[in-house]
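The residues making up each chain are set out below.
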Amino acid sequence: MKKIYITFVTLLVLGIGSGIYYFTGYKQSKMIIPENLVLQTYEGNDFSFSNMPPKVRLIEFMYTKCPDICPNTTHTMRQLQNELIEQGVFEDKVEFVTVTFDPTNDTKEVLSNYAELFEMNKTDGWHLLTGTKEDIRELASTFEFKYRDSGTGEFVHTSATYLLDENNRVIDIFGMGQDDFIKEEVYKKILKNIDA
């Protein structure tokens with residue numbers, strides 16, 4: 001009986017360990033941005049994901065009509081931006097990339113207002129992007145970020161943001177919203193990875 005118990009506990013620990021590895025290390029290592037993908041800034045300029053200079057990047061997917069976690073996350077990112085500017089690392093060593101997944105409603109004018117509201121245009125280090133539905137879906141799929149229109153004009157979507165290292169590999173995944181996107185935690189992770 002004791003052997004069965006020890007065998008069961010060992011298998012349980014191995015199973016849990018394998019699951020943790022899959023969801024933290026292995027799964028993240030498979031999240032690679034397609035280099036041929038080109039989106040557009042809200043100003044209408046092309047933004048290519050190929051040959052990007054080596055920087056730590058924080059990626060956010062959102063839509064401007066989101067009633068809660070998207071604007072909360074963007075607001076916290078604005079606070080992060082201010083702290084990183086004070087540290088002298090924003091734009092040169094750290095960039096933010098925010099991508100709308102509702103390009104039909106998030107027009108240039110709407111995105112311009114959103115950028116102004118959240119001070120995204122304060123420096124050249126925060127890119128607010130749009131594109132075709134297909135290209136945005138391709139990028140979101142890379143990160144396993146899911147979204148769909150609920151039929152009411154609001155989207156049901158994954159609540160995740162992604163921290164990439166200087167080689168554009170996902171090194172951490174954070175939640176979204178006031179309770180799950182913790183500024184201090186993200187800030188420490190960013191600084192740790194630009195000093196690495």
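The protein appears in an unreviewed UniProt entry as SCO family protein from Peribacillus faecalis. Turning to the protein, the UniProt annotation filed under Sequence similarities (unreviewed entry) states: "Belongs to the SCO1/2 family."

Peer 1: I'm lost on the UniProt feature "binding site: Cu cation" (unreviewed entry) in the protein in this one. Help?
Peer 2: On the UniProt side, "binding site: Cu cation" (unreviewed entry) is annotated at positions that read C66, C70 and H157 here. Annotated residues spanning 92 residues; largest pairwise C-alpha distance 10.1 Å, indicating a single compact cluster. Note on placement: C66 falls in the loop between β3 (56-62) and α2 (69-87). Overall, the relative accessible area of 7% leaves C66 in the buried class. Residue contacts for H157: discarding those within four places in its chain leaves Y63, C66, I69, C70, F101, F145, K146, Y147 and M176.

Peer 1: What exactly am I supposed to notice about the side chain of Q81 here?
Peer 2: Turning to its location among the elements, Q81 is positioned in helix α2. Not counting residues up to four positions away in its chain, the partners in contact with Q81 are F90, F96, F118, E119, M120, K122, T123 and W126.

Peer 1: What exactly am I supposed to notice about α2 here?
Peer 2: Since the α-helix packs 3.6 residues into each turn, any two residues three or four apart lie on the same face. Between its terminal C-alpha atoms α2 stretches 27 Å, which fits the 27 Å expected from 19 residues at 1.5 Å a residue. Among the residues of α2, those classed as buried are C70, T73, T74, T76, M77, R78, L80, Q81 and L84. Within two residues after α2, G88 carries a phi angle of roughly 80 degrees, on the positive side.

Peer 1: It is not clear to me how the pairing of β3 should be interpreted in this structure. Could you clarify?
Peer 2: Side chains on a regular strand alternate between the two faces of the sheet. A large share of β3 lies buried, amounting to seven of its seven residues. Note: β3 against strand β4 (residues 94-100), seven bridges, orientation parallel. In the sheet register, F61 faces β4, and the bridge partner there is V99. Between β3 and its parallel partner β4, the chain crosses via α2, and the hand of that crossover is right-handed.

Peer 1: How should the state of the cysteines be read in this particular structure?
Peer 2: Throughout this description, disulfide means a covalent bond between two cysteine sulfur atoms. Inspection of every chain in the model, using the stated rule, returns zero disulfides. Free cysteine C66: the closest other cysteine sulfur is in C70, separated by 3.1 Å. With a relative accessible area of 0%, C70 lands in the buried category.

Peer 1: What should I look at first to understand the side chain of T161 in this one?
Peer 2: Positionally, T161 belongs in strand β8 (residues 161-164). Of note is the side chain of T161, whose polar atom sits 3.4 Å from the backbone oxygen of G175. Residues contacting T161, with those up to four places away along its chain left out, are L58, I59, E60, T73, D172, I173, F174, G175, M176 and F181.

Peer 1: I tried to follow the confidence of the model for the protein on my own but got confused; where do I start?
Peer 2: A low pLDDT means the predicted coordinates there should not be read in detail. Considering every residue of the protein, the mean pLDDT works out to 87; 83% of them sit at 70 or more. Counting interchain partners and residues more than four positions distant, the pLDDT-below-50 stretch residues 17-27 has five contacts.

Peer 1: Explain the sheet that holds strand β1 (residues 38-41) here, please?
Peer 2: Pairing between the strands of a sheet comes from backbone hydrogen bonds, and it takes one of two forms, parallel or antiparallel. One open sheet accounts for seven strands, arranged β2-β1-β5-β4-β3-β8-β9; its pairing is mixed. With partners counted over all chains shown, the strands left at the sheet margins are β2 (46-48) and β9 (170-174), one partner each. Each strand axis lies, on average, 30 degrees off the axis of its neighbour in the sheet, ignoring direction. As paired strands, β1 and β2 are joined by three bridges and run antiparallel to one another. The residue bridging L39 from the neighbouring strand is F47, located in β2. On the sheet, α2 packs against β3, β4, β5 (126-130) and β8 and is oriented at approximately 160 degrees with respect to β3. Contacts between helix α3 (residues 108-117) and the sheet are confined to β3, β4 and β5, with β5 contributing the most and set at about 160 degrees to the helix.

Quick notes on the rules
- Residues numbered from 1 in each chain as written.
- Predicted model: local features only at pLDDT ≥ 70, side-chain atom pairs only at ≥ 80, totals over all residues.
- Heavy atoms only, no water.
- UniProt positions renumbered as here; feature names shortened; annotations may be inferred.
- Helix = DSSP H or I, 4+ residues; strand = E, 2+ residues; numbered from the N terminus.
- Buried < 20%, exposed > 50% of the residue type's maximum accessible area, 1.4 Å probe, protein only.
- Contact = heavy atoms within 4.5 Å.
- Expected span 1.5 Å × (residues − 1).
- Pairing = 2+ DSSP bridges.
- Right-handed = clockwise from strand over helix to strand, strands pointing away.
- Disulfide = S-S within 2.5 Å.
- Polar contact = N/O pair within 3.5 Å; in protein donor to acceptor, adjacent residues only side chain to side chain.
- pLDDT = per-residue confidence, 0-100.
- Axes fitted to C-alpha atoms, helices over the stretch in contact; angles between N-to-C directions.

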